[in-house]
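Structural overview
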Amino acid sequence: MEIATPYGPALAEVDEAPDPRLLLVLTHGSSGGIDAPDLLAVRDAALKIGGTVARVVQPFRLRGARAPGSAAKQDEAWLAIVAELRERHPGLPLVQGGRSNGARVACRTARAAGATGVIALAFPLHPPGKPDRSRAGELRQAATPVLVINGDRDPFGVPDEADAARLVVLPGEGHELKKDPALVGEEVARWLPELLETAARGSGGVDGHVGGAVRGDDAAVGK
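Right, let's walk through the structure included here. Every value quoted in this text rests on a predicted model; they were computed, and no experiment measured them.

What follows is about the overall build of the protein chain. Scanning the protein chain from terminus to terminus reveals 7 helices and 9 strands. The C-alpha atoms of the protein chain give 16 Å as radius of gyration, which agrees with the globular expectation for 223 residues (17 Å, within 12%). Projected onto its principal axes, the C-alpha coordinates of the protein chain cover approximately 45 × 40 × 30 Å. Looking at the protein chain as a whole, 53% of its 223 residues qualify as buried. A fraction of 66% describes how many contacts in the protein chain between residues 6 or more apart in sequence connect residues 24 or more apart. As presented, the protein chain carries roughly 9,400 Å² of accessible surface, and 49% of it is formed by carbon and sulfur atoms. Across the protein chain, 26 positive and 29 negative side-chain charges occur, with their mean positions spaced 5 Å apart.

Shown next as structure tokens:
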């Protein structure tokens, strides 16, 4: 489906769950697309637990731009996209996310979108080789539980577990998270029901904490 935004149309590929428990809206990074292995793994995991999943091609990509442009414009377009999807799927808890730059957008807009949680894949903590330019503030800006899944070989760095509700560090993975995307899906399938249960109890939000940190061999076997 095509969705109008202030900066041109977006395109959403929607997979409907028969009896949906949530609406999950995902997007790509500054390069690559919505068929990235980790995004597909997350889609499949969410569908299995009753999530309707929309994978969004953002306006800058449809325009053929090589870069996303300003954060403010990207966020404004994203909020228009999410509002349209929520209108078409009313009454469902919203979880939003993406990979790399898309994870940044999902975190920055989570509060305004009214998201119950955020899935941040390969969150780019800083530009490669520039750890002093941290983007950890964007994770904290989400003001809702965030699941972060990064590879331990990611040149963009790995966030601190204090800045996420749950941090999963996958051994041997780089920024693309393509070595074993099934592990990414398994972590999402484990976390989403916990998130929904926490939200239903009314204990989610700014201080909601779902899970902890998973590193090394624990992540490798999906513990």
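This part takes up the pairing of strand β7 (residues 146-151). Summarising burial for β7: 6 of the 6 residues are buried, a large majority. In the sheet, strand β6 (residues 117-121) pairs with β7 via 4 bridges, with the strands oriented parallel. In the sheet register, Val118 faces β7, and the bridge partner there is Val146. At this point the chain moves from β6, through helix α5 (residues 136-141), to the parallel β7, and the crossover so formed is right-handed.

Within the largest apolar cluster, 30 residues are counted, with the highest numbers of intra-cluster contacts made by Val56, Leu85, Val146 and Val148. Excluding anything up to four places from it in sequence, Val148 contacts Ala120, Phe123, Leu139, Pro159, Ala164, Arg166, Leu167 and Val168. Listed in part, the 25 residues of the second largest apolar core include Ile49, Ile149, Leu183 and Leu192.

The residue Ala113 is located in helix α4 (residues 101-113) in this model. In this structure Ala113 comes out as buried when scored by relative accessible area, which is 10%. When near neighbours in sequence (up to four residues on either side) are disregarded, Ala113 contacts Leu79, Val82, Arg86, Leu94 and Gln96.

It is worth spelling out α4 at this point. Taking 1.5 Å per residue as the helical rise, α4 with its 13 residues ought to reach 18 Å, and the 17 Å between its terminal C-alpha atoms agrees with that figure. Residue Cys107 marks the point of greatest curvature in α4, where the axis turns by about 30°. Burial analysis of α4 places 11 of its 13 residues in the buried class, the great majority of the element. Taken residue by residue, α4 has Asn101, Gly102, Ala103, Arg104, Val105, Ala106, Cys107, Arg108, Thr109, Ala110 and Ala113 as its buried positions. Following α4 by one or two positions, Gly114 has its phi on the positive side, about 75°.

This paragraph deals with the packing of helix α3 (residues 71-88) against α4. Taken N-terminus to C-terminus, the directions of α3 and α4 make an angle of 65°; their axes are 9 Å apart at the nearest point. For the pair α3 and α4, the sense of crossing is right-handed. On α4, the residues that touch Ala71, Gln74, Asp75, Trp78, Leu79, Val82 and Arg86 of α3 are Asn101, Val105, Arg108, Thr109, Ala112 and Ala113. Residue classes in the contact of α3 with α4 are distributed as 7 nonpolar, 3 polar and 3 charged.

Let us now look at the pairing of strand β8 (residues 166-170). With 5 of 5 residues buried, β8 lies mostly within the body of the structure. Residues Arg166, Val168 and Leu170 of β8 are buried on one face, and the alternating residues Leu167 and Val169, pointing to the opposite face, are buried as well. Alignment of β7 against β8, held across 5 bridges, turns out to be parallel. Each bridged residue has a counterpart across the sheet, and for Val148 the counterpart in β8 is Leu167.

Thresholds applied
Residues numbered from 1 in each chain as written. Predicted model: local features only at pLDDT ≥ 70, side-chain atom pairs only at ≥ 80, totals over all residues. Heavy atoms only, no water. Helix = DSSP H or I, 4+ residues; strand = E, 2+ residues; numbered from the N terminus. Rg over C-alpha atoms; globule rule 2.2 N^0.38 Å. Buried < 20%, exposed > 50% of the residue type's maximum accessible area, 1.4 Å probe, protein only. Contact = heavy atoms within 4.5 Å. Areas by Shrake-Rupley, 256 points an atom, 1.4 Å probe, with all protein chains shown as cover. Lys, Arg positive; Asp, Glu negative; His and termini not counted. Charge placed at Lys NZ, Arg CZ, Asp CG, Glu CD. Pairing = 2+ DSSP bridges. Right-handed = clockwise from strand over helix to strand, strands pointing away. Core = buried A, V, L, I, M, F, W, Y, C linked by side-chain atoms within 4.5 Å. Expected span 1.5 Å × (residues − 1). Bend = angle between axes of the 7 residues up to and from the residue. Axes fitted to C-alpha atoms, helices over the stretch in contact; angles between N-to-C directions. Left-handed = near helix turned anticlockwise from the far one by under 90°. Nonpolar A, V, L, I, M, F, W, Y, C, P; charged D, E, K, R; others polar.

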